[in-house]
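The chain contents come next:
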Amino acid sequence: MRCPVCGVDDDRVVDSRPVPVGDAIRRRRECRSCSHRFTTFERIERPELLVRKRSGTVMPFSRPKVLEGMSRAAKSRVPAAELERASAAVEAALRDLGVREVTSEQVGLQVLVQLRELDQVAYVRFASVYKDFQGAEDFEKELSVLRKEAPPKSA
């Protein structure tokens with residue numbers, strides 16, 4: 001690893017620990033030339049996961065985009081660390097399908113599964129946008145589904 005200050009490729013690992021989400025290792029390093037300390041993260045390189053949108057376009061999966069949508073729905077109701085864990089769980093569930101390409105519907109359903117476990121209000125907020133609620137009847141229908149123990153169904 002090259003030192004970001006002096007560029008020398010000679011360092012030692014001072015500390016190594018897993019990150020809270022669990023899919024990376026955080027390493028503190030010290031340059032043996034200039035003694036500068038810096039942090040690196042080591043992750044397993046996985047094949048890119050692709051998402052086919054309703055329009056037919058294909059885009060790379062973006063955990064930050066999932067996290068942003070979940071954060072909007074939760075809006076001060078769920079701690080950021082819980083949302084980060086939930087977004088990682090969404091990605092893990094999609095990767096567990098064993099396919100390289102998933103649909104945006106599959107992504108949305110996994111988000112609903114995670115939000116349902118975290119916060120019912122966040123779940124309904126996300127469902128209202130994801131399922132394109134048009135009136136109070138849609139909310140009533142989703143609330144009746146929420147009261148049952150069955151997992152969310154597609155739109």
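This text goes with the structure placed above it.
Summary of the structure given here.

Basis of the calculations
- Residues numbered from 1 in each chain as written.
- Predicted model: local features only at pLDDT ≥ 70, side-chain atom pairs only at ≥ 80, totals over all residues.
- Heavy atoms only, no water.
- Helix = DSSP H or I, 4+ residues; strand = E, 2+ residues; numbered from the N terminus.
- Rg over C-alpha atoms; globule rule 2.2 N^0.38 Å.
- Contact = heavy atoms within 4.5 Å.
- Lys, Arg positive; Asp, Glu negative; His and termini not counted.
- Charge placed at Lys NZ, Arg CZ, Asp CG, Glu CD.
- Buried < 20%, exposed > 50% of the residue type's maximum accessible area, 1.4 Å probe, protein only.
- Expected span 1.5 Å × (residues − 1).
- Salt bridge = Lys/Arg side-chain N within 4 Å of Asp/Glu carboxyl O.
- Pairing = 2+ DSSP bridges.
- Axes fitted to C-alpha atoms, helices over the stretch in contact; angles between N-to-C directions.

## A few points about the overall build of the chain
Broken down by element type, the chain carries five helices and six strands. From first element to last, N terminus to C terminus, the chain shows the α and β order β-β-β-β-β-α-α-β-α-α-α. For the chain, whose C-alpha radius of gyration is 20 Å, the value lies well above the compact-globule estimate of 15 Å for 155 residues. By its C-alpha atoms, the chain is 70 × 35 × 25 Å across when sized along the principal axes. Within the chain, counting contacts between residues at least 6 apart in sequence, those at least 24 apart form 45% of the total. In the chain, 29 positive and 24 negative side-chain charges are present, and the distance between their average locations comes to 2 Å.

## Topic: unusual backbone geometry
Despite not being glycine, Ser 76 has its phi angle at roughly 70°, a positive value. With respect to the helices and strands, the residue Ser 76 is situated in the loop between helix H1 (63-74) and helix H2 (80-95). Of note, the phi angle at Asp 132 is positive, near 55°, even though the residue is not glycine. Take Asp 132: its relative accessible area is 51%, and that puts it in the exposed class.

## Quick word on H2
An ideal rise of 1.5 Å per residue puts 22 Å on 16 residues; H2 measures up with 23 Å between its terminal C-alpha atoms. Along H2, the residues classified as buried are Leu 83, Ala 86, Ser 87, Ala 88, Val 90, Glu 91 and Leu 94. Packed against the buried residues of H2 are H1, strand S6 (101-103) and helix H3 (104-118).

## Quick notes on the pattern of salt bridges
Under the counting rule described, the total for this entry stands at 13 salt bridges. Residues Arg 52 and Glu 101 are paired through a salt bridge, measuring 2.7 Å at the closest nitrogen-oxygen approach. Within this pair, whereas Arg 52 is found in strand S4 (residues 50-52), its partner Glu 101 is found in strand S6, the two being separated by 49 residues in sequence. Note on Arg 52: relative accessible area 35%, which makes it partly exposed. Between Lys 131 and Glu 142 there is a salt bridge, and its shortest N-O distance comes to 3.1 Å. Pair noted here: Lys 131 is in the loop between helix H4 (120-130) and helix H5 (136-147) and Glu 142 is in helix H5, with a separation of eleven residues, a long-range link. Residue classification places Lys 131 among the buried positions, given a relative accessible area of 17%. In this structure Glu 142 comes out as buried when scored by relative accessible area, which is 5%.

## A closer look at the sheet that holds S4
Hydrogen bonds between backbone atoms are what pair the strands of a sheet, whose relative direction is either parallel or antiparallel. What the three strands build is an open sheet, ordered S5-S4-S6; its pairing is mixed. Sheet topology places strand S5 (58-60) and S6 at the edges, where each strand pairs with a single neighbour. Across the sheet, the mean angle separating the axes of adjacent strands is 35° when strand polarity is ignored. When S4 meets S6, the two strands line up parallel, connected through three bridges. Residue pairing across strands places Val 51 opposite Val 102, the latter belonging to S6. The sheet strands contacting H3 are S4 and S6, and the helix crosses S6 at an angle near 70°.

## Quick notes on the environment of Ala 74
In this fold, Ala 74 is placed in helix H1. In this structure Ala 74 comes out as buried when scored by relative accessible area, which is 1%. Sequence separation between Ala 74 and Gln 120 is 46 residues, and the spatial gap between their C-alpha atoms is 9.3 Å. Excluding residues within four positions of it along the chain, Ala 74 makes contact with Leu 83, Ala 122 and Arg 125.

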